[in-house]
Amino acid sequence: MRIKFTLCALAVAAVASTTAGLAQAQDFKPRIVRFGFGLVDDSNQGRAVRMFAKEVEKATGGKMKVRAIGNASLGSDTQMQQALIGGAQEMMVGSTATLVGLVPEMGIWDTPFLFSSAKEADTVLDGAEGDKVKAKLEAKGMVGLVYWENGFRNLTNSKRPVTKVEDLNDVKLRVMQNNVFLDSFKALGANAVPLPFSELFTALETRAVDGQENPYNTVLSSKFYEVQKYLTVTNHVYSPWIVTVSKKWWDQLTPAEKKVLQDAAVKSRDFERQDTREEAAKALADLKAKGMQVNELAPAEVTRMRDKLTSVNANIAKSVGQSTWDDVNAAVQKARAA
Ligand code: TF8
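Model, not experiment: these values are computed from the prediction. (Residues numbered from 1 in each chain as written. Predicted model: local features only at pLDDT ≥ 70, side-chain atom pairs only at ≥ 80, totals over all residues. Heavy atoms only, no water.)

## What to know about the overall build of the protein
Here is the rule we go by: Here a helix means four or more residues in a row that DSSP labels H or I, a strand means two or more in a row labelled E, and each is numbered from the N terminus. Restricting the calculation to C-alpha atoms gives the radius of gyration, and the globule rule supplies 2.2 Å times the number of residues raised to the power 0.38. Type-normalised accessible area, obtained with a 1.4 Å probe on protein chains alone, sets the label of each residue: buried when under 20%, exposed when over 50%, and partly exposed for intermediate values. For this analysis, residues touch if any pair of their heavy atoms sits within 4.5 Å. In this charge count, Lys and Arg are treated as positive and Asp and Glu as negative; neither His nor the chain ends contribute. Note on charges: their place is set at NZ of Lys, CZ of Arg, CG of Asp or CD of Glu.
The helix and strand tally for the protein stands at 13 helices and 11 strands. Expected size for 338 residues packed as a compact globule is a radius of gyration near 20 Å; at 22 Å, the protein falls within 12% of this value. Seen along its three principal axes, the alpha-carbon backbone of the protein occupies a region of about 90 × 40 × 35 Å. Put simply, the protein has 338 residues, and 51% of those count as buried. For the protein, the proportion of contacts with a sequence separation of at least 24, taken over those separated by at least 6, is 75%. Taken together, the 44 basic and 39 acidic charged side chains of the protein have centroids lying 4 Å from each other.

## Re the pattern of salt bridges
Counted only if it meets this: We define a salt bridge as a side-chain nitrogen of Lys or Arg found within 4 Å of a carboxyl oxygen belonging to Asp or Glu.
Counted under the stated rule, the structure contains 25 salt bridges. Here Arg273 ties to Asp126 by a salt bridge, and the two come within 2.7 Å at their closest N and O atoms. Pair noted here: Arg273 is in helix H10 (residues 255-289) and Asp126 is in the loop between helix H4 (118-125) and helix H5 (128-135), with a separation of 147 residues, a long-range link. Under the relative-accessibility criterion, Arg273 is labelled buried at 5%.

## Points about the packing of aromatic side chains
To be explicit about the condition: Ring pairs shown here join Phe, Tyr and Trp side chains whose ring centres sit within 6.5 Å, with only the six-membered ring taken for Trp; geometry is labelled stacked below 30 degrees between planes, edge-to-face above 60, and tilted in between. Two thresholds decide whether a charge sits over a ring: the Lys NZ or Arg CZ must be within 6 Å of the ring centre and within 35 degrees of the ring normal.
One pass over the full model with this rule turns up eight aromatic pairs. Ring geometry for Phe35 against Phe52: centres 5.4 Å apart, planes inclined by 80°, an arrangement best described as edge-to-face. Here Phe35, found in strand S1 (residues 31-36), pairs with Phe52, found in helix H2 (residues 44-59); they are 17 residues apart in sequence, far enough to count as distant. For the pair formed by Phe35 and Phe52, the shared burial category is buried. Judged by centre distance (6.2 Å) and plane angle (20°), the rings of Trp109 and Phe115 are stacked. Members of the aromatic cluster, connected to one another through ring pairs, are Trp109, Phe115, Tyr147, Phe152 and Tyr238. The side chain of Arg306 reaches across the aromatic face of Phe113, ending 4.2 Å from its centre.

## Remarks on the domain arrangement of the protein
Stated precisely, the cut-off is as follows: Note: domain ranges come from an automatic or database domain assignment. The term buried area means the drop in 1.4 Å probe accessible area that two parts suffer when joined, counted for both and summed. Residue polarity follows a fixed list, in which Ala, Val, Leu, Ile, Met, Phe, Trp, Tyr, Cys and Pro are nonpolar, Asp, Glu, Lys and Arg are charged, and the others, Gly among them, are polar.
According to the domain assignment, the protein consists of domain 1 (28-96 + 117-148 + 240-281) and domain 2 (154-237 + 285-337). The C-alpha-based centres of domain 1 and domain 2 are spaced at 25 Å. Interface of domain 1 and domain 2: buried area, both sides summed, is about 1300 Å²; carbon and sulfur atoms make up 62% of it. Across the contact surface, domain 1 and domain 2 share two salt bridges. A salt bridge links Asp327 to Lys132; its shortest N-O distance comes to 3.3 Å. Per-element tally for the side of domain 1 that touches domain 2: the top contributor is H4, with four residues. Residues belonging to the side of domain 1 that touches domain 2 are distributed by class as follows: six nonpolar, seven polar and six charged.

## Some remarks on the site of the ligand
Heads up, the condition is: Nearness of a residue to a molecule or strand requires only that one of the residue's heavy atoms be within 4 Å of it. N or O atoms closer than or at 3.5 Å make up a polar contact, with two conditions inside protein: a donor-capable atom paired with an acceptor-capable one, and, for residues adjacent in sequence, both atoms drawn from side chains. In these tables, accessible area is a Shrake-Rupley quantity obtained with a 1.4 Å probe, and a residue counts as shielded only by the protein chains included in the view.
In the vicinity of the ligand, 13 residues are found, and the nearest of them are Gln45, Asp77, Asn150, Arg174 and Asn214. With respect to the ligand, the side chain of Gln45 contributes an N or O atom lying 2.9 Å from an oxygen atom. Contact distances for the ligand include 2.6 Å between an oxygen atom and a side-chain N or O atom of Asn214. In isolation the ligand has 320 Å² of accessible area, and contact with the protein removes 99% of it.

## Observations regarding the side chain of Thr98
Here Thr98 shows up in the loop between strand S3 (91-95) and H4. Taking the relative accessible area as the measure of exposure, Thr98 reaches 9% and is therefore buried. Here the side chain of Thr98 touches Asp77 through a polar contact of 3.4 Å, side chain to side chain. Excluding anything up to four places from it in sequence, Thr98 contacts Asp77, Thr78, Gln81 and Gln177.

## What to know about the confidence of the model for the protein
For the record, the criterion: The predictor reports its confidence for every residue as pLDDT, a score running from 0 up to 100.
With 93% of its residues at a pLDDT of 70 or more, the protein shows a mean pLDDT of 94. Ignoring residues within four places in sequence, the model shows residues 5-20, a span with pLDDT below 50, making two contacts including any to other chains.

## Re the environment of Asn315
Within the secondary structure, Asn315 sits in helix H12 (residues 313-320). Separated by 136 residues in the primary sequence, Asn315 and Asn179 have C-alpha atoms spaced 9.3 Å apart.

## Thoughts on H5
In an α-helix, one turn spans 3.6 residues; hence positions three or four apart end up facing the same way. For clarity, the cut-off: By arc we mean the arc of the directions from the helix axis to the C-beta atoms, nothing more.
Those residues of H5 that fall on the buried side of the exposure criterion are Glu129, Gly130, Val133 and Lys134. Across the axial projection of H5, the buried residues extend over an arc of 135°, all falling on one side. Residues of H5 that are buried make contact with H4, strand S4 (142-152), strand S10 (238-246) and helix H13 (322-337).

Right, dumping it as structure tokens:
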């Protein structure tokens, strides 16, 4: 009698713990998730989207299918954002920089030299300050899941090696579409032209613009080395990517489905950062082998560039709000001291 009761209690407990803890296949409805991105399939972005897709399919027993749609086939970053807001597309990953028009606080991440290492970026982006900025998306119709690494940005152009700030004077330089980037490169004396990434290769090829700035990984995966001769190591800003979901669609999901997406997003973030860092460590040598002429800046020139760039800080503080500016900078200082 006693034994029977204990076994029975154990059985009840076991059933309760599976339903509460592990999600079952029947918790998931068949769903198709269109996950768009701007880079080519064979890029750090593409690899991480496919990794995310596998995780989600595995966790839902194949019920939720994630379609990785690259090459900006679903549109530029800003076009995809509008599709997410309207509910015509479920997910995307893109630059935080292209969200500044919707969420001004996102501009904080474009502050030149904000982060001096990837470790600082991880700590702040994954911490309370990163969360606060990410949470602002909800009021605009999107849910931010995680930040991925785009990386430290470097300058390329087809005119000349940039060894001092003045070399940029007559360079038509494509920048991402927000005022922080426009102001930053105007402060350096370049002729800054905002353009969506999806139009960049053609613009470089036809010489509509002379140069651009992006992490090594992207210069490599987007084959910019075919149309850009000179690369200058500037590391002028760390760019995050952010994985976002349509809020209209998110609100229809069950808690179990939301958890699957959140968990897979965290796994994809860790995978993506490692993959990106490994690729970046080799990319410069690859770019040289493809014929790019690479130069570093003399320390005095780095200081001059830094001084010119930090002149935009006051405007950034104004557009992101003083409290965002102060809180993020304090979090960076704390991460730096750790
Ligand atoms: C840029 C960004 C791009 C991203 C990507 C298309 O220069 O660095 O790599 O926006 O998602 O526009």
